[in-house]
Amino acid sequence: MPKQPSKGRDHVNEKASSKSPAARENPPNSHSGGTFPIVGIGGSAGGLEAMTALLKALPVDLGMTYVFIPHLDPNRESAFTEILSRATTMPVAEITDRIPVQPDHVYVIPPSFDALLDHQSLHLRKRDPGRSSSVSVDVFLRSLAADMGKNAIGVLLSGTGSDGSIGLASIKAEGGITFAQSSATAKYDGMPSSAISAGSVDFVLSPEEIANELARVRHHPYVASDEPDDLIAAGRDAQFAQVFRLLRRLTRVDFSDYKQPTIHRRVRRRMVLLKIEHLEEYIALLQQNRQELTALYHDLLINVTAFFRNPDAFEGLRTVVYPAILARHKGQSGSIRIWVPGCSTGEEAYSHAISIVEYLVEQRVEIPIQVFGTDLSESAISRARAGLYKENIEADVSPIRLRRFFHKSELGYQISKTVRDLCVFSTQNVFNDPPFSRMDLVSCRNVMIYLGQSLQKRVIPIFHYALNPDGFLMIGNTEGLLGAGAELFEVVDKKQKIYRKKLVPTPITFGFSVGPRDYHFEESERNVPNRKTPEPPRAPVDLQREADRLLLTRYAPPSVIVNDVLEIVQTKGHTGTFLELPSGKASLNILKMARPGLLVELQNTLEKARQSGTEAVTNNIRVEGNGNSLTLRVTPFKTPVQDQNSYLLVFESERDHAPRSFTAISSPEPLANQERLDKDQLIAQLRQELAATKEYLQAIIESQEATNEELQSANEEIQSGNEELQSTNEELQTSKEELESANEELHTVNEEMQHRNEQLSQLNNDLTNLLNSVNLPLVMVGSDLSVRRFTPQAAHVLGLVSSDVGRPIPRLKLKIEVENLEQAMLEVLQDVQPRHYRVKDSEGNWCSFRLAPYRTLDNRIDGVVLSIVTIDAPEK
């Protein structure tokens, strides 16, 4: 699911912690203040001695509860409770069903039962008759982690096997503290060493030292505080932001958008381990100690998972998802593809591979399967590729599946090669790296509960993109789809949180960078309070330019400058007498701003200047509201950086300076003549303007019709081109996303192939050294009876040379003669039974000539192994 961390609560008990009524009736002592830690202590062989030593060294008033989970013989009554009661004055009792725990009390599990913790009450569950007690510690510790969270403490003492490793990892994931007995003080260090090698242990100490450390931890503010983590972290945002910056610089993973209470709890948990009580001291340590910064990073990415976690969810897949996937792939050549982001150490991915294989076998269908597991943690991915797990997986995997899909070894159980070949693992940050595509199922369980809302809203569209049109998404029981989740997915199984992809566009644009983000910043940029930006130097005043501006403003006629599309770009003087803003949408077009009486002459003069390229002048223009006539000058010009002309329009008013003649009132005839002349002049002017307007309107209509036709044709072409460009852009975008997804998939496969090549090279080196070191004649023959490989001793005894590799062995002349060798090898291939012959070599020694079937890892017969052992040498 930066990484998303791949963690999750165990399926044994996923209920939230809260106090039971019985616990409220029996409040803890003054040490607890309302809550108290519960310590789960496990052990087997030699554990009684260590548990007794631990109890003797423990103070009796720490306000903690102690639950002992030893491996007890189910067929015998146990005296464990009585023995432990002699080592302490605290009350010691055997667990009964539904007993509420109390501080400063000791509880012991009875034989033949598993103990679980639920709401601070102990519950008993009858152990399956066919299962031993070798996983009882894990069962209790996992329920303890789920119920108590940071108040869970796990201790592993002397014992054999690997029980307790998974339980301690669960406690550590929930913010609890874990202990293991040191090998030097343990009679049997199997259980402690297994947990230590898994990275699940915080302190490795002797029983007495564990008791002292428990007393110190109990009084640390992290354990002693009753307040929730979000309240404790209030007001410390700036300090935690500094922690996030340090982590981001080291790991390139940004934890600032993860669930803050979880992050704060794990930061403070590191403070407990380092015996630091103040966050300021811890931040100072992080700035100086790179190893602690790395340890904090791994703590934040702690991986807790299990095989077939929540079996009901896998049953839901078999009922709803697998039939739909199978119906889609019938008659097609593609493979079933499953993506498990946040796969941790691989248990979830392998569980899906095993589950789908079982279903296809039941349906008698053969379809290729690919399961992709990704995670931020490189160490977790390495463990997932190896597919090797401790014996305590018996608590989660049925005996039938163990026999069918696992190989038992001294180190535990390893996934069979057939299943491992179906799974590809790679490190990936789902938020920054390109996602996979064409997936039938995305399983991201118990990852989003650790992400903040912003990250959840980012990751859900990524899953939508990764799925096929009818693909499925499965999330954890305690998770939900936020933001656009309801618009992108429809519910298929509400209880098991299984969703189907809706056929809607994915609301995400993938713009992944080729290289990693660089989070480095200079030291000088940190914590610089109130840094003032220097003021830019002021430019010197240009006196000549300012003087020109004043003169133009006062004495120059009003003028404007327009561009080639007649938009005003600059004005000079007072132009309000000639121009005004039009009503409606604002525009700076000179024609739309012209006052009544000016438009026609303005248009004609501009057209003359445009056509001639020289200055055009129009006189005697009368503008409404202005009693004076107007002279308009339009001068085209072009600057060196312009391709089109601009125009300077100058408005010059012609004032009538002629003196007016005053006529006596008694002489009305001259006055009447003057009025008649003025009227005739006005009529002539109006006729002239009307004729010019008609001509102008006719020209405008013709030009407009031609322009409309051209625009209509151009619009059709543009619309067609736009549709083609839009379609091409969508195709390019889809191709880009597919290429990014395919590139990520190829990178993952390449990384997996490189890892497998390294393993193969190591195996070849081991096999070569083994064959060269074994002082025994061995020959490996293929199913076609041709020589594959032989030891140097076989070359001496049988007379083989390097050129014989690949040649059928019946055609070779060997130093030892065996009657019907070819027939004998064919019978071994057919009967799958070894055969022995007594023969003589070239030196007269009696030898045992043995033919055995050659078995592959998947138990397939693929040849014969010839071995020769000297029985008796002749006396010399």
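The text that follows walks through the structure, step by step, so that each part is easy to find. Note that the structure is predicted; figures quoted are calculated from it, not measured.

**Quick notes on the overall build of the protein chain**
Right, so step 1: Tallying secondary structure elements over the protein chain gives 26 helices and 30 strands in all.
Right, so step 2: Relative to its full complement of 876 residues, the protein chain shows a buried share of 46%.
Right, so step 3: Summed over all atoms, the accessible surface of the protein chain reaches about 46,000 Å², with 50% contributed by carbon and sulfur.

**Concerning unusual backbone geometry**
Right, so step 1: Although it is not a glycine, R252 adopts a positive phi angle of roughly 65 degrees.
Right, so step 2: Looking at the secondary structure, you find R252 in the loop between α10 (237-251) and α11 (260-273).
Right, so step 3: In this structure R252 comes out as partly exposed when scored by relative accessible area, which is 33%.
Right, so step 4: The residue L566 is not glycine, and still its phi comes out positive at about 65 degrees.
Right, so step 5: Mapped onto the elements, L566 comes out in the loop between β21 (559-562) and β22 (568-572).
Right, so step 6: Judged by its relative accessible area of 10%, L566 is buried.

**As for the packing of helix α4 (residues 136-148) against helix α5 (residues 165-173)**
Right, so step 1: As a packed pair, α4 and α5 sit with axes 7 Å apart at the nearest point and diverge in direction by 10 degrees. Put simply, α4 runs roughly parallel to α5. The segment α4 lies against α5, with D138, L141, R142, L144 and A145 engaging S165, I166, G167, L168, S170 and I171.
Right, so step 2: Here the contact of α4 with α5 is built from residues that sort into 6 nonpolar, 3 polar and 2 charged.

**Some words on the nonpolar core**
Right, so step 1: By size, the foremost hydrophobic cluster in this structure holds 47 residues, and its most contacted members are F255, W339, F463 and F489.
Right, so step 2: Within the residue set of this core, elements represented by two or more residues are α10, α11, α12 (279-288), α13 (290-300), β17 (439-444), α19 (453-466) and β18 (467-475).
Right, so step 3: In terms of residues, this core owes the most to one element, α19, which gives 6 residues.
Right, so step 4: Membership of the second largest hydrophobic core comes to 42 residues, among which are L317, Y350, Y359 and I367.

**A few points about α12**
Right, so step 1: For α12, the set of buried residues is L279, Y282, I283 and L286. Each buried residue of α12 lies within a common arc of 100 degrees when the element is viewed along its axis, so the set occupies one face.
Right, so step 2: Buried residues along α12 sit against α10, α11 and α13.

**So, the sheet that holds strand β11 (residues 336-341)**
Right, so step 1: What the 7 strands build is an open sheet, ordered β16-β12-β11-β17-β18-β20-β19; its pairing is mixed. Of all the strands in the sheet, just β16 (423-427) and β19 (489-493) have a single pairing partner and so form its edges. Averaged over all pairs of adjacent strands, the angle between their axes in this sheet comes to 20 degrees, without regard to strand direction.
Right, so step 2: Both β19 and strand β20 (residues 498-501) contribute to a ladder of 4 bridges, which runs antiparallel. Note that in β20 the partner of D493 across the bridge is I498.
Right, so step 3: Seen against the sheet, helix α15 (residues 347-363) touches β11, β12 (369-375), β16, β17 and β18 and runs at an angle of roughly 155 degrees to β11.
Right, so step 4: Along the sheet, helix α16 (residues 378-386) contacts β12 and β16; its crossing angle with β16, the most-contacted strand, is approximately 165 degrees.

**Regarding the packing of α12 against α13**
Right, so step 1: With their axes 5 Å apart at the nearest point, α12 and α13 run at an angle of 110 degrees to one another. With respect to each other, α12 and α13 are oriented roughly perpendicular. Of α13, the residues touching α12 (which contributes Y282, L285, L286 and Q288) are R290, E292, L293 and L296.
Right, so step 2: Split by residue class, the contact of α12 with α13 holds 5 nonpolar, 1 polar and 2 charged.

**Observations concerning the environment of F36**
Right, so step 1: Structurally, F36 is set in the loop between α1 (21-25) and β1 (38-43).
Right, so step 2: A relative accessible area of 2% places F36 in the buried class.
Right, so step 3: In the structure, F36 is positioned 67 residues away from P103 in sequence and 6.8 Å away in space, judged by C-alpha atoms.

**Quick notes on the pairing of strand β26 (residues 778-782)**
Right, so step 1: Most of β26 sits inside the fold, with 5 of its 5 residues counted as buried.
Right, so step 2: Both faces of β26 are covered, namely the face carrying L778, M780 and G782 and the face carrying V779 and V781.
Right, so step 3: Note: β26 against strand β27 (residues 787-790), 3 bridges, orientation antiparallel. Note on β27: the bridge partner recorded for M780 is R789.
Right, so step 4: Counting the residues in the hairpin turn of β26 and β27 gives 4 residues, including L785, whose phi is positive at 65 degrees.

**Some thoughts on the sheet that holds strand β14 (residues 406-409)**
Right, so step 1: With respect to topology, 3 strands assemble into an open sheet ordered β13-β15-β14, the strand pairing being antiparallel. Of all strands in the sheet, those with a lone pairing partner are β13 (388-389) and β14, marking the two edges.

**Quick notes on the packing of aromatic side chains**
Working definition: an aromatic ring pair is given by the centre-to-centre distance plus the angle between the planes.
Right, so step 1: Counted according to the given criterion, the structure contains 14 aromatic pairs.
Right, so step 2: Consider the rings of F307 and F406, whose centres lie 5.5 Å apart with planes at 80 degrees: the pair is edge-to-face. Residue F307 is found in the loop between α13 and α14 (311-329), and its partner F406 is found in strand β14; the two are separated by 99 residues along the sequence.
Right, so step 3: A network of ring pairs unites the aromatic residues F307, Y350, Y389, F406, Y413 and F425 as a single cluster.
Right, so step 4: The residue whose ring lies beneath K126 is F113, and the NZ or CZ to ring-centre distance is 4.8 Å.

**Section: the environment of V106**
Right, so step 1: Here V106 is to be found in strand β5 (residues 106-108).
Right, so step 2: Each C-alpha atom, one on V106 and one on S85, is 8.6 Å from the other, the two residues being 21 residues apart in sequence.
Right, so step 3: When neighbours within four sequence positions are excluded, V106 is seen to be in contact with L55, Y66, F68, M90, P91, V92 and A93.

**With respect to the environment of Q414**
Right, so step 1: Summarising the element assignment, Q414 is placed in strand β15 (residues 412-415).
Right, so step 2: We classify Q414 as partly exposed; its relative accessible area is 27%.
Right, so step 3: Along the chain, Q414 and L402 lie 12 residues apart, while their C-alpha atoms are 9.4 Å from each other.
Right, so step 4: Sequence-distant contacts of Q414, defined by excluding residues within four places in its chain, comprise A386, G387, L388, F405, F406, H407 and R420.

The rules behind each value
Residues numbered from 1 in each chain as written. Predicted model: local features only at pLDDT ≥ 70, side-chain atom pairs only at ≥ 80, totals over all residues. Heavy atoms only, no water. Helix = DSSP H or I, 4+ residues; strand = E, 2+ residues; numbered from the N terminus. Buried < 20%, exposed > 50% of the residue type's maximum accessible area, 1.4 Å probe, protein only. Areas by Shrake-Rupley, 256 points an atom, 1.4 Å probe, with all protein chains shown as cover. Axes fitted to C-alpha atoms, helices over the stretch in contact; angles between N-to-C directions. Parallel < 35°, antiparallel > 145°, perpendicular 65-115°, else oblique. Contact = heavy atoms within 4.5 Å. Nonpolar A, V, L, I, M, F, W, Y, C, P; charged D, E, K, R; others polar. Core = buried A, V, L, I, M, F, W, Y, C linked by side-chain atoms within 4.5 Å. Arc of directions from axis to C-beta. Pairing = 2+ DSSP bridges. Phe/Tyr/Trp six-rings, centres within 6.5 Å; stacked < 30°, edge-to-face > 60°. Lys NZ or Arg CZ within 6 Å of the ring centre and 35° of its normal.

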